[in-house]
Structures are given as structure tokens and as C-alpha cells.
Amino acid sequence: MIVEVDGLGVSFRTGFWRKRLQALQGVSLSVREGDFLALLGPNGAGKSTLMYCMLGLMRPSAGSVRMFGEPPRLGGPMYARMAYLPEEPHYHDYLTVDESVSYYGALHRRRVEPRTVQDLLERFGLAEFKHLRLSKCSKGMKQKVGIIQCLLNEPRLVFLDEPMRGLDPVTVKLFRDVLLEMNAGGATIVMNSHILSEVEQVATRVAILNGGRLVAEQDVQSLRQVESGAYTVEIQDGSGLPDHFDKLGEAAGTSVGRVGAERLYDFFDSARSRDVRIVSCQRQRATLEESFLRVLKEERPNA
Amino acid sequence: MLELLLVNTRTFLRFHRRNRLLIGFGLVILAIFALSFVPSLLFATTTSRFEMLRNLASQMNGFALVLVPALGLLAVSSHLRARNVKLVVTKPCPPEVWLGALFLSAILVALAIHTAMAVFTAVLSWWWAVPYQPGFLFIAIEGFFSSVVMLSFLTALAMAIHPVIAVVTVLFFNESTFYGLKFMVAAAQRSGQEKGLLAAQVACDTVYQLLPMLDPLGERVEALRASLRVTGHDWLLLGVAGVYAAVTTAFFFAASSWLLRRKNLA
């Protein structure tokens with residue numbers, strides 16, 4: 001295991017009366033080498049807090065975290081194999097784009113060739129802004145600087161907190177490809193995101209948090225393997241549509257539609273009687289969004 | 001580690017150079033200094049120039065004592081508020097190295113400021129044909145030590161509390177305050193009041209001993225400050241003041257490191 005979280009609990013004291021707020025409670029989680037784990041959950045579920053504890057930025061009030069087999073100690077040698085992209089653009093605003101990239105690279109105790117910095121800046125469309133101070137950069141540009149600093153040390157473990165926030169679609173696609181490439185190369189990625197369509201495309205496992213507790217931890221495929229009670233059917237256009245066929249669209253002489261599971265046999269009978277040829281019939285799989293909402297619903301039936 | 005220290009120091013020097021608040025603060029101090037000094041130049045006579053130079057050196061030290069601690073205070077508060085320390089400590093760079101670079105860069109800027117002031121005094125002395133006294137150099141070095149003590153004290157305070165509260169704390173709870181309190185308690189004891197005064201005396205003494213001294217040499221160099229003549233013994237005393245500044249800075253650096261490790265940097 002590359003990251004092991006055991007019985008983690010975090011509580012804060014807030015307000016004038018120092019009221020105790022439980023942010024995390026008994027969270028146990030393991031991240032295997034090569035995983036692409038997405039932390040999901042509604043606002044205030046404790047996703048960022050969990051990530052901060054994994055990174056060693058926050059001290060838990062209970063339980064423990066181990067990374068690469070040891071507890072995280074800020075600035076320790078284990079961080080040479082890691083990268084972290086923060087949610088908010090908390091960078092050194094008084095530095096220029098290229099100064100900040102070089103500075104973050106130098107903190108890894110390895111010389112980053114100016115050519116490498118230039119290549120990365122060009123790849124992410126920042127080359128022409130390299131002399132611009134970060135305080136003058138847009139949020140998206142700062143996010144790109146954050147992404148670049150994650151790529152400088154060829155990390156084995158990457159923590160991404162809402163990585164797609166503020167990025168344009170072209171950069172989202174580019175970053176997604178970079179992440180998949182890194183993951184395919186053996187890098188372990190822990191990502192915290194609200195964009196479920198994005199998570200669905202990249203993550204292999206998800207951990208769902210709610211109210212500071214871990215309510216589900218599964219492979220994306222197994223989580224989505226819940227029947228939604230419907231089939232996607234493609235039929236050849238012919239003399240009218242069979243009964244119970246809910247047409248969704250057309251493609252090259254065929255119609256694609258949805259048929260409820262309870263009406264499937266009636267639909268087959270109707271298609272046979274109308275002499276409609278069925279091209280394909282597949283059980284519909286729930287989207288990650290549907291699965292996520294179902295898990296939350298099961299957790300809090302009244303929500 | 002040395003490489004990391006240098007990388008961070010370079011970054012902090014960029015911060016000091018580009019910090020508008022700091023530059024503005026420096027310019028205001030310079031303007032106040034000019035307003036108070038330039039009029040006296042108009043009435044200068046050959047005989048009063050030596051006196052003017054002495055006052056000038058003393059005034060510049062006073063202003064540096066305000067400007068230099070602001071370097072550490074602003075560096076700490078600005079980086080903690082911007083929350084960018086987490087990007088440093090989630091790399092193989094220990095927080096102590098980052099903090100060491102913060103102290104080092106501020107001390108380097110302080111050294112540059114005090115050197116510039118000493119050079120300015122020397123140039124003015126040459127221009128006015130006033131024989132340069134080693135006392136000017138002594139005062140400049142002593143001023144540098146005092147600035148460094150104040151800088152490290154305020155930096156450690158800014159690590160623990162809000163920067164404004166840190167400044168207020170330094171303004172109202174300094175060695176002079178408790179020195180005055182010690183006298184008040186002693187006077188009250190002599191007037192025959194005993195109730196609770198022993199506890200007050202112990203408290204005042206303890207806090208007074210704990211607070212850093214900005215003028216560790218005090219009355220020992222009063223004559224030097226007036227005549228600007230330096231003996232071998234005075235240089236020895238200056239060495240002791242230097243050791244005191246180094247020990248105090250090391251103590252406040254250790255305290256700041258301890259606080260930084262316990263801070264929520266998320």
C-alpha cells in the first residue's frame with residue numbers, strides 16, 4: 001500500500017464558544033500502487049481535510065496516516081516522490097511564471113533544465129506569459145502553473161485537489177491525457193473532484209465521504225454495475241416503432257432508444273409482429289453520478 | 001540543505017524587493033527622516049557639523065530599528081496569509097530551512113540597510129571635512145545588532161499571533177515597560193506597602209529578564225556615544241552584544257520553528 005489511513009479523526013474548535021466540529025470520523029482507507037483514486041462527497045464531507053491529513057498538512061486528532069510506509073513529516077525525503085496541486089491558487093504571487101516554476105522545481109533538490117521549464121510552459125500555453133507575475137495571472141493560468149509544478153519531479157504519488165477548476169476545455173483534455181499517461185506509467189493519483197463526468201473518465205477507484213465518514217470505497221466499474229432498470233436498444237428503421245420503445249435518437253438507418261426492463265418481453269413481441277430488426281440490446285449501466293447519488297441516498301434516506 | 005537555503009533566500013530577497021508595502025514603508029521613513037534632518041542642514045556651521053553627524057547616525061539607527069523588524073513581520077504574515085507555505089513543505093524542503101531562509105534574507109537586508117547608513121555617515125563626514133570617528137562605525141554595528149534582535153523577536157511573535165497584535169505587544173510590553181514597573185514596585189515596597197508586592201516583584205523581574213534587550217550595552221557605552229571615541233574594551237563589549245544578538249536570534253528561530261511545525265498550514 002502506498003497510502004494507509006487508519007481510523008482517522010479530525011475535529012476543529014470554531015466560534016467564540018470554541019464549539020467542537022467533527023470534520024472526519026473513523027476514516028480508514030488504503031491506496032494501492034497504481035491506483036487512480038477519486039475522493040467524492042458533497043460539500044463539507046471532509047474530502048479536502050482527508051487529503052490534508054494524507055499530505056501531513058493537518059494533524060489528525062485520532063488515527064494515523066502512513067505514506068510509503070511512514071508517517072508524513074513535512075519537508076521530509078518522501079516528498080521527493082510526491083506532487084500536490086492545491087485547490088485554491090495559493091502560489092508565490094510575487095514571482096513571475098518562470099521564476100515560480102523554477103523555484104518549485106529547485107525545492108525538489110534537483111536541477112530543472114531551463115529547456116524542460118520552457119517545454120512545459122509551451123505545452124500548457126504559458127510561454128508567452130513567462131515574465132508575468134503570478135499576481136497578474138488569471139486563476140486558470142495559476143492553475144496551469146500548479147499543474148506544471150506537479151510534473152517537474154516525475155512523481156510516484158500525486159495529490160490533486162479539484163484539479164480541473166478554472167481550466168479551459170482544451171487544457172482539461174490536455175491535463176486529463178497527462179494524468180492518464182502518468183497513471184499508465186505507474187504513478188498513483190489521489191484526486192478530489194466534484195466534476196463526476198471527469199472522474200468517470202480517469203479514476204479507477206472512488207471513495208465516497210459523507211458527513212466526515214467513509215460511506216463507500218469501490219472500483220468505478222463495480223460501483224457503476226448497478227442496473228438502472230432499463231435497456232438501450234438499437235433497431236433498424238422499418239414500419240413504425242415497436243411498443244414500449246422510447247426513442248432517444250437516430251444514427252445511419254437505425255434508431256436508438258430506451259426500453260424499461262419490465263417491458264422487455266412485450267417489446268420483443270411487438271418488434272417481431274412489426275418485423276423490426278433489433279441491432280443491439282444492452283443493459284443500461286448507471287452513470288457515476290447516478291451511483292454517487294444512490295450511495296448518498298442510501299446513507300441518508302431522508303436527504 | 002545549503003542549496004535549499006540559498007534557493008529560498010533568493011526567493012525571499014525577491015519578496016523584499018517587490019513588496020510594495022515594504023517599499024512604501026521605507027519611503028515614508030525616509031521622508032520623515034528627510035523632513036527632520038534637512039532643515040537643520042540650512043543652519044549648519046562648521047563647528048556644529050560633528051554634532052549633526054552624531055545625531056544623524058543616531059536618528060538613522062532609530063529608523064532602521066523600525067524598518068528592519070518590519071521585514072520579518074511582513075515576510076511571515078504575508079506568506080502565512082497567502083497559504084503558499086504548503087507548496088514548499090510538501091516538497092523535500094523542511095519548514096526549518098524555509099524559516100531559516102526567511103531570517104537570513106531579512107538579516108541580509110538589515111545588513112545592507114545598516115551598511116548603507118554607515119557609508120552615508122562616512123561620506124558626509126568626508127564631505128564636511130569632519131574627522132571620521134570610529135564611534136560612527138561602532139554605533140552602526142550596535143544598531144545592526146539591535147535591529148536583528150528586534151527582527152527575530154517580532155518574527156517569532158508574528159508566527160504565533162496576528163501581525164497587528166504582535167506590533168502592539170512589542171510597543172507596550174517591552175523591556176522599558178517592565179523596567180519602569182520594577183521601579184514602581186520597588187518604590188511601593190519602600191513606602192511600606194507589602195501586600196502582594198513580592199509576587200508583583202517576582203513577576204516583573206521574570207518578564208523583564210525574559211524580554212529581549214534592544215540596548216544590551218546600555219550605560220556602559222554612554223561616554224562613547226557622546227565622544228565617539230572607542231577603546232579596545234568597547235570593541236570587546238560590542239562583541240558581547242553581537243553574541244547576545246546571535247543567541248537571541250537562535251532562540252527566536254527555534255521558537256518560530258516549533259510554532260511553524262504546529263501550525264495548520266492547509
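Calculation criteria
Residues numbered from 1 in each chain as written. Chains lettered and ligands numbered in written order. Predicted model: local features only at pLDDT ≥ 70, side-chain atom pairs only at ≥ 80, totals over all residues. Heavy atoms only, no water. Helix = DSSP H or I, 4+ residues; strand = E, 2+ residues; numbered from the N terminus. Contact = heavy atoms within 4.5 Å. Areas by Shrake-Rupley, 256 points an atom, 1.4 Å probe, with all protein chains shown as cover. Core = buried A, V, L, I, M, F, W, Y, C linked by side-chain atoms within 4.5 Å. Buried < 20%, exposed > 50% of the residue type's maximum accessible area, 1.4 Å probe, protein only. Patch = residues over 30% accessible without salt bridge, like charges linked within 9 Å, V, L, I, M, F, W, Y side chains within 5 Å. Salt bridge = Lys/Arg side-chain N within 4 Å of Asp/Glu carboxyl O. Pairing = 2+ DSSP bridges. Axes fitted to C-alpha atoms, helices over the stretch in contact; angles between N-to-C directions. pLDDT = per-residue confidence, 0-100. Polar contact = N/O pair within 3.5 Å; in protein donor to acceptor, adjacent residues only side chain to side chain. Expected span 1.5 Å × (residues − 1).

What to know about the overall build of chain B
Link 1 in the chain: Broken down by element type, chain B carries 11 helices and zero strands.
Link 2 in the chain: Taken from N to C terminus, the helices and strands of chain B fall in the order α-α-α-α-α-α-α-α-α-α-α.
Link 3 in the chain: If you line up chain B on its principal axes, its C-alpha atoms span 60 × 55 × 35 Å.
Link 4 in the chain: Here the analysis covers contacts within chain B between residues at least 6 apart in sequence; of these, 82% occur between residues at least 24 apart.
Link 5 in the chain: Of the roughly 13,500 Å² of accessible surface on chain B, a fraction of 71% belongs to carbon and sulfur atoms.

A word on the nonpolar core
Link 1 in the chain: Within the largest apolar cluster, 121 residues are counted, with the highest numbers of intra-cluster contacts made by L50 and F159 of chain A.
Link 2 in the chain: Considering every element that reaches this core, the biggest residue donor is helix α6 (residues 134–160) of chain B, with seven residues.
Link 3 in the chain: With residues near it in sequence (within four places) discarded, L50 of chain A still touches V5, L8, L24, V27, L29, L39 and L209 of chain A.
Link 4 in the chain: Membership of the second largest hydrophobic core comes to 22 residues, among which are L74, A106, F144 and L238 of chain B.

Observations regarding a nonpolar patch on the surface
Residues and elements named next belong to chain B.
Link 1 in the chain: Where nonpolar side chains cluster on the molecular surface, the patch consists of V164, V167, V168, L171, F172 and F173 and spans about 570 Å² of accessible area.
Link 2 in the chain: Mapped onto the elements, V167 comes out in helix α7 (residues 163–172).
Link 3 in the chain: Given a relative accessible area of 30%, V167 falls into the partly exposed group.

Some remarks on the sheet that holds strand β4 (residues 62–67) of chain A
Residue and element names in this part refer to chain A.
Link 1 in the chain: Taken together, three strands build an open sheet; the order of strands is β2-β1-β4 and the sheet is antiparallel. Edge positions in the sheet fall to β2 (19–31) and β4, since each has one partner strand and no second. Across this sheet, the average inter-strand angle for adjacent strands is 30 degrees, counted without regard to direction.
Link 2 in the chain: Bridge count for strand β1 (residues 3–14) against β2 is nine bridges, and the pairing is antiparallel.

A short note on the confidence of the model for chain A
Link 1 in the chain: Considering every residue of chain A, the mean pLDDT works out to 85; 97% of them sit at 70 or more.
Link 2 in the chain: Per-element confidence in chain A ranges from a low mean pLDDT of 73 for helix α7 (residues 220–224) of chain A to a high of 92 for strand β7 (residues 188–192) of chain A.

Points about the pattern of salt bridges
Link 1 in the chain: Counting across every chain of the model gives 17 salt bridges over all chains.
Link 2 in the chain: The partner of D219 of chain A in a salt bridge is R32 of chain A, and the shortest N-O contact between them spans 4.0 Å. Of this pair, D219 of chain A sits in strand β9 (residues 213–219) while R32 of chain A sits in the loop between β2 and β3 (36–40), and the two are 187 residues apart along the sequence.
Link 3 in the chain: Overall, the relative accessible area of 36% leaves D219 of chain A in the partly exposed class.
Link 4 in the chain: Using a relative accessible area of 38% as the deciding quantity, one classes R32 of chain A as partly exposed.
Link 5 in the chain: When the shortest N-O distance is used, the salt bridge between D205 of chain B and K182 of chain B registers 2.8 Å. One end of the pair, D205 of chain B, is in helix α9 (residues 197–210); the other, K182 of chain B, is in helix α8 (residues 175–190), with 23 residues separating them in the sequence.

Quick notes on the side chain of N153 of chain A
All names here are of chain A.
Link 1 in the chain: Tracing the chain through its elements places N153 in the loop between α4 (139–151) and β6 (157–161).
Link 2 in the chain: Within the structure, N153 has its side chain in polar contact with the backbone oxygen of M82 (distance 2.9 Å).
Link 3 in the chain: Apart from residues lying up to four places away in sequence, N153 is in contact with Y79, A80, R81, M82, A83, H108 and R110.

Details of helix α3 (residues 49–82) of chain B
Link 1 in the chain: Compared with the 50 Å implied by 1.5 Å per residue over 34 residues, the 48 Å span of α3 of chain B between its first and last C-alpha is a close match.
Link 2 in the chain: One or two steps after α3 of chain B, the chain reaches R83 of chain B, where phi turns positive at roughly 55 degrees.

Some words on the sheet that holds β3 of chain A
Strand-to-strand pairing in sheets goes through backbone hydrogen bonds, with the strands running parallel or antiparallel.
Residue and element names in this part refer to chain A.
Link 1 in the chain: Here six strands make up an open sheet; going across it, the order is β5-β6-β7-β3-β8-β9 and the pairing mixed. With one partner strand each, in any of the chains shown, β5 (82–85) and β9 form the two edges of the open sheet. Direction aside, neighbouring strands of the sheet carry axes that sit 15 degrees apart on average.
Link 2 in the chain: Each of β3, β5, β6, β7 and β8 (205–210) touches helix α1 (residues 47–55); the most contacted strand, β6, lies at about 150 degrees to it.

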